[in-house]
Amino acid sequence: MAEAFLRQLLQNENRVPSDEEQKCIICLEECGTMHLGTGLLELAIRLPFCKHIVGSGCIAQWLRSNNTCPMCRHIFFPAQSRPYLEHGIMEGQADSVQTNRAQTVRGQIFSGPISGVLDFLGEIGHLCDRYCTQLGLRPGIAHLAGGIFANIVEPGPSNAILQHHSDNALIAVSIYIASHFAGHPRCSLEISTVMDDVGWLHICNTYNLLRDQSRITDNGIRDELNEDLNVQTLTWPPHGDEMTARQSALAEVLNHCSNQFLRLGLSVPYTMFPMARNIASRAWHIASLHETRRSPQALAAACMYMAGPLVGSFPALSRISRVSELSEETITEVYGLLHAERERIVRERWVQSLWRQDQAPPVLERVFAMLPTV
């Protein structure tokens, strides 16, 4: 159903003319730019009925697990039921399945025997552990994420808005929250890289739907934080207007990357630009970098400086300093922060995708060795 709706949506008659407002309601960026998640050019699309404007890449990602407008929640097509992970509905509950589309499989599980609930949460715990391990998070954080997931999906009016979101989307949000609570924050971009079917925009939008924070942080969660992770004060991820402000600030950094790339001219390869944008997007969500309060120009310049060697280009620091109108010392200072976090920022697939098929793919450690030293 989602695929058919998307194909119809992307027809020419739904495209927004270039002389009209083309700001995407999902990522808050102007359309006509490259989509960070797919590397494709965003086209401005007008949604049917509600007439909100979205980018083609953003709405394609949104419709993978939603059937509504991301702004007003207008329903475009009937929701489809989701299987219980890969195992289907648990044995003994098949007779209780209802035809009501609004009733999710999770609702059936939680209304069934307690053994079924425990088995379901056990499966979720294994997935949390696997994803947290890939993110470099401690087992205690994975266990905390499992507890947050249980509170999020527990039946109740405040959680009804999440009923059509996939298990993986809610696992991603649970890890997002748990990592911030534990003081080892992982951004939505980082989490999306270990969960192929959940994009970073989906994580942000799902998190913004959470209404009852007190229910999520019940006494069990607080006790676990105190006893297992030695955390007394909760630090929530940015939410609502604060998240929107951060996305707008990130958009400013990405615009500076674009401007600096254009001013560098044809002497650098085009691949340097998407690499710099990827670096900037991930770096912006890393607390040690975001909280430095560096100027958007400085972070963009440092990302351009790091991107060059990763794509086989080595523009002089003096040139980047000239086009960014910043001192070499300022750029080097921010670049040092990027270099220290390079293993969290740079993804091997970014580098490998830029190499020709007749060449052996580079080892990330070897590529890191080509980066300028701090």
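Residues numbered from 1 in each chain as written. Predicted model: local features only at pLDDT ≥ 70, side-chain atom pairs only at ≥ 80, totals over all residues. Heavy atoms only, no water.

Observations concerning the packing of aromatic side chains
- Taken as a whole and assessed by the stated rule, the structure comprises seven aromatic pairs.
- Taken together, a centroid distance of 6.1 Å and an interplanar angle of 50 degrees make the contact between F120 and F149 tilted. In this pair, F120 is assigned in helix α4 (residues 114-134) and F149 in helix α5 (residues 139-153), connecting sequence segments 29 residues apart. The same class applies to F120 as to F149, namely buried.
- Ring geometry for Y305 and Y335: centres 4.9 Å apart, planes at 65 degrees, overall edge-to-face. Taken together, the residues span a long stretch of sequence, with Y305 in helix α14 (residues 296-310) and Y335 in helix α16 (residues 328-340) at a distance of 30 residues. Each member of the pair Y305 and Y335 is classed as buried.
- Counting every residue linked through ring pairs, the aromatic cluster contains F261, Y270 and F273.
- One residue, R342, lies across the ring of F368, its end atom 5.8 Å from the ring centre. (Phe/Tyr/Trp six-rings, centres within 6.5 Å; stacked < 30°, edge-to-face > 60°. Helix = DSSP H or I, 4+ residues; strand = E, 2+ residues; numbered from the N terminus. Buried < 20%, exposed > 50% of the residue type's maximum accessible area, 1.4 Å probe, protein only. Lys NZ or Arg CZ within 6 Å of the ring centre and 35° of its normal.)

Structural notes on helix α1 (residues 2-9)
- Buried residues of α1: A2, F5, L6 and L9, and no others. With its buried residues spanning 100 degrees around the axis, α1 presents them on a single face. In α1, those exposed residues whose orientation departs by more than 90 degrees from the buried face are E3 and R7.
- Against the buried residues of α1 lie β1 (44-46) and α2 (56-62). (Arc of directions from axis to C-beta. Contact = heavy atoms within 4.5 Å.)

Looking at the pattern of salt bridges
- The full count for this structure, using the stated rule, is two salt bridges.
- The residue E325 makes a salt bridge to R263 at a minimum N-O spacing of 3.7 Å. Linking E325 in the loop between α15 (317-324) and α16 with R263 in helix α11 (residues 241-264), this pair joins segments that are 62 residues apart in sequence.
- Here R263 falls in the partly exposed class, since its relative accessible area comes to 46%.
- Here E341 makes a salt bridge to R344, at a shortest N to O gap of 3.7 Å.
- Given a relative accessible area of 19%, E341 falls into the buried group.
- On the basis of relative accessible area, R344 is assigned to the partly exposed category, the value being 23%. (Salt bridge = Lys/Arg side-chain N within 4 Å of Asp/Glu carboxyl O.)

Some thoughts on unusual backbone geometry
- Even without being a glycine, K51 presents a positive backbone phi close to 70 degrees.
- Positionally, K51 belongs in the loop between β1 and β2 (53-55).
- At E325, a residue that is not glycine, the phi angle is positive and equals roughly 60 degrees.

Side note on the confidence of the model for the protein chain
- With 78% of its residues at a pLDDT of 70 or more, the protein chain has an overall mean of 78.
- Put simply, helix α13 (residues 287-290) is where the protein chain has its lowest mean pLDDT, 58, and α15 is where it has its highest, 94.
- Confidence over residues 81-103 falls short of pLDDT 50; this stretch has 37 contacts with residues more than four positions distant or in other chains. (pLDDT = per-residue confidence, 0-100.)

Overview of the packing of helix α6 (residues 167-181) against helix α8 (residues 200-208)
- Where α6 meets α8, the closest approach of the two axes is 9 Å, and the angle between their N-to-C directions is 75 degrees. By the angle between their axes, α6 is roughly perpendicular relative to α8. Residue-level inspection shows A169, L170, A172, V173, Y176 and I177 of α6 in contact with α8, the latter providing H202, I203, T206 and Y207.
- Grouping the constituent residues of the contact of α6 with α8 by class yields eight nonpolar, two polar and no charged. (Axes fitted to C-alpha atoms, helices over the stretch in contact; angles between N-to-C directions. Parallel < 35°, antiparallel > 145°, perpendicular 65-115°, else oblique. Nonpolar A, V, L, I, M, F, W, Y, C, P; charged D, E, K, R; others polar.)

Considerations on the environment of S65
- Looking at where S65 falls in the secondary structure, it is placed in the loop between α2 and α3 (105-110).
- Taking the relative accessible area as the measure of exposure, S65 reaches 7% and is therefore buried.
- For the pair S65 and V198, spaced 133 residues apart in the sequence, the C-alpha separation amounts to 8.4 Å.

Considering the environment of P315
- One can find P315 in the loop between α14 and α15.
- For the pair P315 and S267, spaced 48 residues apart in sequence, the C-alpha separation works out to 8.5 Å.
- Residue contacts for P315: discarding those within four places in its chain leaves V268, M272, Y305, G308 and I320.

Considerations on the packing of α4 against α6
- Packing of α4 against α6 brings their axes to within 11 Å, and their N-to-C directions diverge by 60 degrees. By the angle between their axes, α4 is oblique relative to α6. Our pair here, α4 against α6, has a crossing hand that is right-handed. Between α4 and α6, the contacting residues are F120, I124, L127, C128, Y131 and C132 on the first element and D167, N168, I171 and I175 on the second.
- Looking at the contact of α4 with α6 residue by residue, the classes come out as eight nonpolar, one polar and one charged. (Left-handed = near helix turned anticlockwise from the far one by under 90°.)

Describing the nonpolar core
- By size, the foremost hydrophobic cluster in this structure holds 44 residues, and its most contacted members are M275, I279, M304, M306, L310, L338 and V346.
- Residue assignment for this core shows that the elements contributing at least two residues are α11, α12 (272-284), α14, α15, α16, α18 (348-352) and α19 (364-369).
- Not counting chain neighbours up to four residues away, the residues in contact with V346 comprise M306, L310, V351, L364 and F368.
- Grouped together as the second largest cluster of nonpolar side chains are 41 residues, L144, Y176, I177 and L209 included. (Core = buried A, V, L, I, M, F, W, Y, C linked by side-chain atoms within 4.5 Å.)

Some details on the environment of E325
- With a relative accessible area of 64%, E325 lands in the exposed category.
- Linking E325 and A298, residues 27 residues apart in sequence, is a C-alpha distance of 9.4 Å.

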